[in-house]
Amino acid sequence: MVNWTGKDLLGLEDLSKEEIELILERADSFKEISLRPIKKVPTLRGKTVVLFFFEPSTRTRTSFELAAKRLSADTVSISANTSSMVKGETLKDTVKNIEAMKVDIIVMRHSASGAPHLLAKTVEASVINAGDGCHEHPTQALLDMFTIKEKKGKISGLKISIIGDIAHSRVARSNIWGLTKLGAEVTVCGPPTLIPQGIEKFPVKVTYDIKEAIKDADVLNILRIQLERQKSNLFPSLREYALNFGIDLEKLKFAKPDVLIMHPGPINRGVEISPEVADGPYSVILEQVTNGIAVRMAVLYLVSQKSK
Amino acid sequence: MAFREKARILDEEGMRRVLLRITHEILEKNKTISDLAVIGIRTRGAYLAERIIGLIEEIDKFKVPLGILDINLYRDDLTLLSAQPIIHKTEIDFDITDKKIILVDDVLFTGRTIRCALDALIDFGRPKLIQLAVLIDRGHRELPIRADYVGKNVPTSLKENINVKLKEVDGIDEVVIEERING
């Protein structure tokens, strides 16, 4: 049994297989707490968690906040546009000031890749990456893996296809690192303009043929098409994307009968996923959200156990 | 820290008799068992709880519900512990409100584990009452807590350790007193 030694959780690329398994195991123990009539345990009583979000978020921020509260930690939410950063304060200064208020854990989302890593070096508090640019979103990948493990009983040996905007997706990157470390076979699929250059450095198969990605896959993890990307002419129209790569009942005919449909949200109905599929029997999209709280409780708990 | 076996205080037969007596005491004290539930504290308390439920079923032909409690999240020494405790699932899949709860653990020592368990149980509902059953009471309480059912009272010194072994986890049923050596 490994112990958690890290101060922070910045990404899955830096974690070992054993550390990832430790988080998933702990999350399994924490899941039951959210089903109790009194959804709270006193474990992090007296700890302060700051939620520092520089990008919009409902799911991740709410999920982290509920996870912290269900462990009895105190939480403070800061968003960039209502903070002193609009007066020109630098990120480092803002965070140094917050740390001077004696906080224990900083959960941070930032549009710049590497921002949480910079902070982790600057502050003594634990830093949890809640999404940095196009780099990593470790807790999302962990909750995806937790959900897969819960539904399929294992991760090792499964065929998992990640479909959509791989180039701009931190969810894809974290999933690739985590899943392959645990022994899954990962395929990425999307139009060539949305597959990043340098993909060959990742331990994945690449296909531009959606049927190929669907066929034989145990799990389809469908990514959101970031509507703002369309302006940069990466694909001709949303309609064309939906036609070629959107997962609908027609394309699902190629899938295994026990395929799992996942999506990190927010979903664009009728673009990357049709409403029939999103709400259909294979979909575990809302269970992913439920599991997110358990996974984040485990992460908050483990980083607070650092250096033991 | 090394320990040397000093005395064997229960063997398999002894443990069986002790659990049977505790079960009879539980039945005698509680009269009706339709509202009874047995909740064991992980790890060994859970197996003892399971055995008590089996004995109740043998005697009264009625199976009372089993719950398993992991108290690590309620510990008052989480920040002081040198090792990271392994947290397991709590499994109580029935409503404990208005139930008579028999809480089971292997060894009653400082009473802090039981304090955690009581806090945890109250978070699940409002039981009619909670009674405590332990296999061994070794003394040295640090909190005002006592057991309703005791398998064996074993006066110990703080240098000693009580090692409860159960077939389900250790392959053997026995309780031994061990003495700390070299320090």
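The structure displayed is predicted, hence computed values, not measured ones.

### Things to note about the overall build of chain A
Alright, step 1. A tally of helices and strands in chain A yields 11 helices and 9 strands.
Alright, step 2. Its C-alpha atoms give chain A a radius of gyration of 19 Å, within 12% of the compact-globule value 19 Å for 308 residues.
Alright, step 3. Seen through its principal axes, chain A has C-alpha atoms that stretch 55 × 45 × 35 Å.
Alright, step 4. For chain A, the proportion of its 308 residues judged to be buried stands at 57%.
Alright, step 5. Taking all contacts inside chain A whose residues are at least 6 apart in sequence as the whole, residues at least 24 apart take part in 73%.
Alright, step 6. Of the roughly 12,900 Å² that chain A leaves accessible, carbon and sulfur atoms contribute 52%.

### Describing the interface of chain B and chain A
Alright, step 1. The interface is formed by 17 residues belonging to chain B together with 20 residues belonging to chain A.
Alright, step 2. Each partner contributes to the roughly 1,700 Å² buried at the junction of chain B and chain A, and carbon and sulfur atoms together form 54% of this total.
Alright, step 3. When the buried surface of chain B facing chain A is broken down by residue, B:Leu73, B:Gln84 and B:Ile87 rank first, second and third, together holding 38% of it.
Alright, step 4. Inspection of the region where chain B meets chain A yields 1 salt bridge.
Alright, step 5. Between the two partners, chain B and chain A, sit 4 residue pairs in polar contact (both at pLDDT 80 or more).

### Some words on the packing of aromatic side chains
Any aromatic ring pair is given by two values, namely how distant the centres are and how the planes are angled relative to each other.
Alright, step 1. Tallied over the entire structure, the rule returns 5 aromatic pairs over all chains.
Alright, step 2. Geometrically, the ring pair formed by A:Trp177 and A:Phe202 is tilted, given 5.3 Å between the ring centres and 45° between the ring planes. With a gap of 25 residues between them, A:Trp177 in helix H6 (residues 170-181) and A:Phe202 in the loop between strand E6 (185-189) and strand E7 (205-207) connect regions that are remote in the sequence.
Alright, step 3. The ring of A:Phe64 is capped by A:Arg296, whose NZ or CZ atom sits 5.0 Å from the centre of that ring.
Alright, step 4. Between B:Lys29 and the ring centre of B:Tyr149, over which it is positioned, the NZ or CZ distance is 5.6 Å.

### Digging into the pattern of salt bridges
All names here are of chain A.
Alright, step 1. Counted according to the given criterion, the structure contains 35 salt bridges over all chains.
Alright, step 2. Between Arg-170 and Glu-55 there is a salt bridge; the shortest N-O distance is 3.0 Å. Taken together, the positions of Arg-170 in helix H6 and Glu-55 in the loop between strand E1 (48-53) and helix H2 (59-70) put the pair 115 residues apart, joining distant regions of the chain.
Alright, step 3. Since its relative accessible area comes to 12%, Arg-170 is described here as buried.

### What about the sheet that holds strand E5 (residues 159-163) of chain A?
Backbone-to-backbone hydrogen bonds join strands into a sheet, with any given pair of strands oriented parallel or antiparallel.
All names here are of chain A.
Alright, step 1. Reading across from one edge, E7-E6-E5-E8-E9 is the order of the 5 strands in this open sheet, with parallel pairing throughout. Sheet topology places E7 and strand E9 (260-262) at the edges, where each strand pairs with a single neighbour. Mean inter-strand twist for the sheet, computed between neighbouring axes without regard to direction, equals 20°.
Alright, step 2. When E5 meets strand E8 (residues 219-222), the two strands line up parallel, connected through 4 bridges. In the strand pairing of E8, Ile-162 is matched with Asn-221.
Alright, step 3. Sitting on the sheet, helix H5 (residues 138-152) is in contact with E5, E8 and E9, with an inclination near 165° to E9.

### Notes on the sheet that holds strand E8 (residues 174-181) of chain B
Residues and elements named next belong to chain B.
Alright, step 1. With respect to topology, 3 strands assemble into an open sheet ordered E1-E8-E7, the strand pairing being antiparallel. The sheet is open, and its two edges are formed by strand E1 (2-10) and strand E7 (160-165), each paired on a single side. Pairwise comparison of adjacent strand axes, ignoring direction, gives a mean angle of 30° for this sheet.
Alright, step 2. Relative to E8, E1 runs antiparallel, the two sharing 7 bridges. By the bridge assignment, Arg-4 is partnered in E8 with Glu-179.

### Some points on the packing of helix H1 (residues 17-31) of chain A against helix H11 (residues 285-304) of chain A
Residue and element names in this part refer to chain A.
Alright, step 1. Two elements in contact, H1 and H11, have axes whose closest approach is 8 Å; the angle formed by their N-to-C orientations is 115°. Between H1 and H11 lies a crossing whose hand is right-handed. Every residue of H11 that contacts H1 at Leu-22, Ile-23, Arg-26, Ala-27, Phe-30 and Lys-31 is listed here: Asn-291, Ala-294, Val-295, Met-297, Ala-298, Val-299, Tyr-301 and Leu-302.
Alright, step 2. A per-class count over the contact of H1 with H11 returns 11 nonpolar, 1 polar and 2 charged.

### A look at the nonpolar core
Alright, step 1. Grouped together as the largest cluster of nonpolar side chains are 90 residues, with contacts concentrated most on A:Val107, A:Leu300 and B:Leu69.
Alright, step 2. When residues of this core are assigned to their parent elements, the largest contribution, 10 residues, is made by H11(A).
Alright, step 3. Residues within four places of A:Val107 in sequence aside, it is in contact with A:Val49, A:Val50, A:Leu51, A:Phe52, A:Phe53, A:Phe64, A:Ile128, A:Ala130 and A:Leu300.
Alright, step 4. Counting 30 residues, the second-largest nonpolar core is a separate cluster that includes B:Leu10, B:Val18, B:Leu135 and B:Ile177.

### Re the side chain of A:Asn221
Alright, step 1. Mapping A:Asn221 onto the fold places it in strand E8.
Alright, step 2. Filtering out sequence-adjacent residues up to four positions away, A:Asn221 remains in contact with A:Asp144, A:Ser161, A:Ile162, A:Ile163, A:Asn175, A:Met262, A:His263 and A:Pro264.

### Points about the confidence of the model for chain B
All names here are of chain B.
Alright, step 1. Per-chain confidence: chain B averages 93 in pLDDT, with 97% of residues scoring 70 or above.
Alright, step 2. The element-level mean pLDDT for chain B is lowest in E1, coming to 91, with strand E5 (residues 129-137) highest at 98.
Alright, step 3. Among the prediction metrics, the complex's ipTM stands at 0.77, with pTM recorded as 0.89.

### Observations regarding H6(A)
Residue and element names in this part refer to chain A.
Alright, step 1. The terminal C-alpha atoms of H6, which comprises 12 residues, lie 17 Å apart, in line with the 16 Å expected from a rise of 1.5 Å per residue.
Alright, step 2. Taken across its 12 residues, H6 has 11 buried, putting it largely inside the fold.
Alright, step 3. The N-cap residue of H6 is Ser-169: its side-chain oxygen and the backbone nitrogen of Val-171 are 3.3 Å apart.
Alright, step 4. After H6 finishes, the residue Gly-183 shows a positive phi value of roughly 95°.

### Concerning helix H4 (residues 115-122) of chain A
Alright, step 1. Turning to H4(A), its buried residues are A:Ala115, A:Pro116, A:His117, A:Leu119 and A:Ala120.
Alright, step 2. In this structure, the buried residues of H4(A) make contact with helix H3 (91-100), strand E3 (105-110) and strand E4 (126-132) of chain A.

Conventions adopted
- Residues numbered from 1 in each chain as written.
- Chains lettered and ligands numbered in written order.
- Predicted model: local features only at pLDDT ≥ 70, side-chain atom pairs only at ≥ 80, totals over all residues.
- Heavy atoms only, no water.
- Helix = DSSP H or I, 4+ residues; strand = E, 2+ residues; numbered from the N terminus.
- Rg over C-alpha atoms; globule rule 2.2 N^0.38 Å.
- Buried < 20%, exposed > 50% of the residue type's maximum accessible area, 1.4 Å probe, protein only.
- Contact = heavy atoms within 4.5 Å.
- Areas by Shrake-Rupley, 256 points an atom, 1.4 Å probe, with all protein chains shown as cover.
- Buried area = accessible area lost by both parts, 1.4 Å probe.
- Salt bridge = Lys/Arg side-chain N within 4 Å of Asp/Glu carboxyl O.
- Polar contact = N/O pair within 3.5 Å; in protein donor to acceptor, adjacent residues only side chain to side chain.
- Phe/Tyr/Trp six-rings, centres within 6.5 Å; stacked < 30°, edge-to-face > 60°.
- Lys NZ or Arg CZ within 6 Å of the ring centre and 35° of its normal.
- Pairing = 2+ DSSP bridges.
- Axes fitted to C-alpha atoms, helices over the stretch in contact; angles between N-to-C directions.
- Left-handed = near helix turned anticlockwise from the far one by under 90°.
- Nonpolar A, V, L, I, M, F, W, Y, C, P; charged D, E, K, R; others polar.
- Core = buried A, V, L, I, M, F, W, Y, C linked by side-chain atoms within 4.5 Å.
- pLDDT = per-residue confidence, 0-100.
- Expected span 1.5 Å × (residues − 1).

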